[in-house]
Amino acid sequence: MWINQVTEILLEAAEVAILPRFRALAEGEVAEKSPGEVSTVADREAEELISRRLRGVLDAPVVGEEAASDDAGLVTALREAPAAWLVDPLDGTSNFVAGRPEYAVMAALVRGGETVAAWIVRPTEGRVYVAEKGAGTWRDGIRVRREPAPVDPAKLHGAVLTRFLDPRARARVEAAAPRFAALGPGTACSGVDYPRLLDGDLDFVLFRRTLPWDHAPGVLLLTEAGGVARRPDGSPYRPGDPRPGLLNAADQTCWNTVRSLLLT
């Protein structure tokens, strides 16, 4: 089955290109591709392997994070092509470079502008999350359902990556933080924070930047498990939409509560 084929491709990329370099990067294998954004030889080799193999599963454009950093026009395939692959070969590269295990390998399939399949692989844990639109979310072969969060905001645990927020939005988050049981910065890795939301470690996650390879996999995993992912105005997330802002929550009541405290 092609769902399993893609899983095997991502696991192979992790085994061949990523895990051997974890805490073993050589001098010259890390480069800054933009201010504050790094890339490694593991990112590039993993993306090349994954992209080549995915075309063998379905011959469609591949929008990879590394390729798109060189050619931003590739993302138009998410809106214009009948089908396109999305690949984040090493999400959480800064963690990887620092020797922290919070990184992931992610992919998604987009048809008609909508995410229809998603994968997140956590190499250091050997954990695999898979979702197919209309067929649910699975963690290591076990169906995942996200339970509703507590109604009382004082019992909610959340994360907000404040790095990309403007000063006014950051001040609003800081002022609201005491209303929650816990509000942290997240792990700087969508491929870790979405699974934390699925698994119940978090009840909500708010992002400002919404690059498609960072969010298309996690959004489908969350929504197929019963969670909610919407733009601040309440509209659904689509990977070809470049607008900023994305609030993910365990359920609609939680989403409404968090939006009222952090975004209004």
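Provided above is the structure to which this section pertains.
Residues numbered from 1 in each chain as written. Predicted model: local features only at pLDDT ≥ 70, side-chain atom pairs only at ≥ 80, totals over all residues. Heavy atoms only, no water.

Engineer: Can you break down the pattern of salt bridges residue by residue, with the values?
Structural biologist: This structure, assessed with the given rule, holds 16 salt bridges. Two residues, Asp-241 and Arg-231, come together in a salt bridge whose shortest N-O distance is 3.9 Å. Taken together, the positions of Asp-241 in the loop between strand 13 (228-230) and strand 14 (246-249) and Arg-231 in the loop between strand 13 and strand 14 put the pair ten residues apart, joining distant regions of the chain. Accessibility assignment for this pair places Asp-241 and Arg-231 in one class, buried. The network of salt bridges with shared partners includes Arg-231, Asp-233, Asp-241 and Arg-243. (Salt bridge = Lys/Arg side-chain N within 4 Å of Asp/Glu carboxyl O. Helix = DSSP H or I, 4+ residues; strand = E, 2+ residues; numbered from the N terminus. Buried < 20%, exposed > 50% of the residue type's maximum accessible area, 1.4 Å probe, protein only.)

Engineer: Pulling in residues and values, what's your account of the sheet that holds strand 8 (residues 136-139)?
Structural biologist: With mixed pairing, seven strands are arranged side by side in an open sheet as 3-4-5-6-7-8-9. One side of each edge strand has no neighbouring strand; the edge strands of this open sheet are strand 3 (62-64) and strand 9 (142-144). Shown here is a sheet whose adjacent strand axes are inclined to one another by a mean of 20°, direction ignored. Along the sheet, helix 2 (residues 41-57) makes contact with strand 3, strand 4 (83-91) and strand 5 (104-111), crossing strand 4 at roughly 155°. Strands strand 3, strand 4, strand 5, strand 6 (114-122), strand 7 (127-132) and strand 8 of the sheet are contacted by helix 8 (residues 212-224), whose axis makes an angle of about 100° with strand 6. (Pairing = 2+ DSSP bridges. Axes fitted to C-alpha atoms, helices over the stretch in contact; angles between N-to-C directions. Contact = heavy atoms within 4.5 Å.)

Engineer: Just give me the short version of the side chain of Thr-93, but keep the residues and values in it.
Structural biologist: Following the sequence through the fold, Thr-93 ends up in helix 5 (residues 93-97). The exposure class assigned to Thr-93 is buried, which follows from its relative accessible area of 9%. Polar side-chain contacts of Thr-93 include one of 2.8 Å to the backbone oxygen of Leu-90. Residues contacting Thr-93, with those up to four places away along its chain left out, are Val-38, Ser-39, Thr-40 and Asp-43. (Polar contact = N/O pair within 3.5 Å; in protein donor to acceptor, adjacent residues only side chain to side chain.)

Engineer: Would you mind going over helix 8 in detail, with residue names and values included?
Structural biologist: Residues spaced three or four apart along an α-helix face the same direction, because each turn holds 3.6 residues. The end-to-end C-alpha distance of helix 8 is 18 Å, a good match for the 18 Å that 13 residues give at a rise of 1.5 Å each. Judged by how many residues are buried, helix 8 sits mostly within the fold: twelve of 13 residues are covered. Listing the buried residues of helix 8 in full gives Pro-212, Trp-213, Asp-214, His-215, Ala-216, Pro-217, Gly-218, Val-219, Leu-220, Leu-221, Leu-222 and Glu-224. Of the residues flanking the end of helix 8, it is Gly-226, one or two places downstream, whose phi is positive at about 105°. (Expected span 1.5 Å × (residues − 1).)

Engineer: Break down the nonpolar core for me, citing the residues and quoting the values.
Structural biologist: Core analysis: the biggest nonpolar cluster contains 35 residues, and Leu-86, Ile-120, Leu-198 and Leu-221 have the highest contact counts within it. For this core, the secondary structure elements donating two or more residues are helix 4 (77-80), strand 4, strand 5, strand 6, strand 7, helix 7 (190-199), strand 12 (204-207) and helix 8. Looking at this core element by element, the count peaks at six residues for helix 8. Listed in part, the 31 residues of the second largest apolar core include Ala-17, Ala-42, Ala-107 and Trp-119. (Core = buried A, V, L, I, M, F, W, Y, C linked by side-chain atoms within 4.5 Å.)

Engineer: Before we move on, could you go through the packing of helix 7 against helix 8 and cite the residues and values that matter?
Structural biologist: At their nearest, the axes of helix 7 and helix 8 sit 9 Å apart, and the two run at 10° to each other. With respect to their mutual orientation, helix 7 and helix 8 come out roughly parallel. Packed against helix 7, whose contacting residues are Ser-190, Tyr-194, Leu-197 and Leu-198, the element helix 8 presents Asp-214, His-215, Gly-218, Val-219, Leu-221 and Leu-222 at the interface. Partitioned by chemical class, the residues of the contact of helix 7 with helix 8 number six nonpolar, three polar and one charged. (Parallel < 35°, antiparallel > 145°, perpendicular 65-115°, else oblique. Nonpolar A, V, L, I, M, F, W, Y, C, P; charged D, E, K, R; others polar.)

Engineer: If you had to explain the side chain of Asn-248 to someone new, which residues and values would you point to?
Structural biologist: Tracing the backbone shows Asn-248 in strand 14. A distance of 3.3 Å separates polar atoms of two side chains, one belonging to Asn-248 and the other to Tyr-194. What Asn-248 contacts, discounting residues up to four positions off in sequence, is Tyr-194, Leu-197, Asp-203, Phe-204, Val-205, Phe-207, Val-219, Leu-222, Val-228 and Ala-229.

Engineer: If you had to explain the layout of surface pockets to someone new, which residues and values would you point to?
Structural biologist: Of the volumes computed, that of the largest pocket is approximately 470 Å³. Lining of the largest pocket is provided by 30 residues; of these, Glu-37, Asp-91, Arg-163, Ala-188 and Arg-209 occupy positions nearest its centre. Of all the secondary structure elements, the ones that give two or more residues to the lining of the largest pocket are strand 2 (37-40), helix 3 (65-70), strand 4, helix 5, strand 10 (157-160), helix 7, strand 12 and helix 8. Ranked by residue count, the leading element in the lining of the largest pocket is strand 12, at three residues. (1 Å grid on protein atoms, 1.4 Å probe; cavity = no way out; pocket = protein on both sides within 12 Å on 5 of 7 lines; lining within 4 Å. Points joined across faces, edges and corners; volume = space filled by probe spheres on them.)

None of this, on its own, says anything about what the molecule does.
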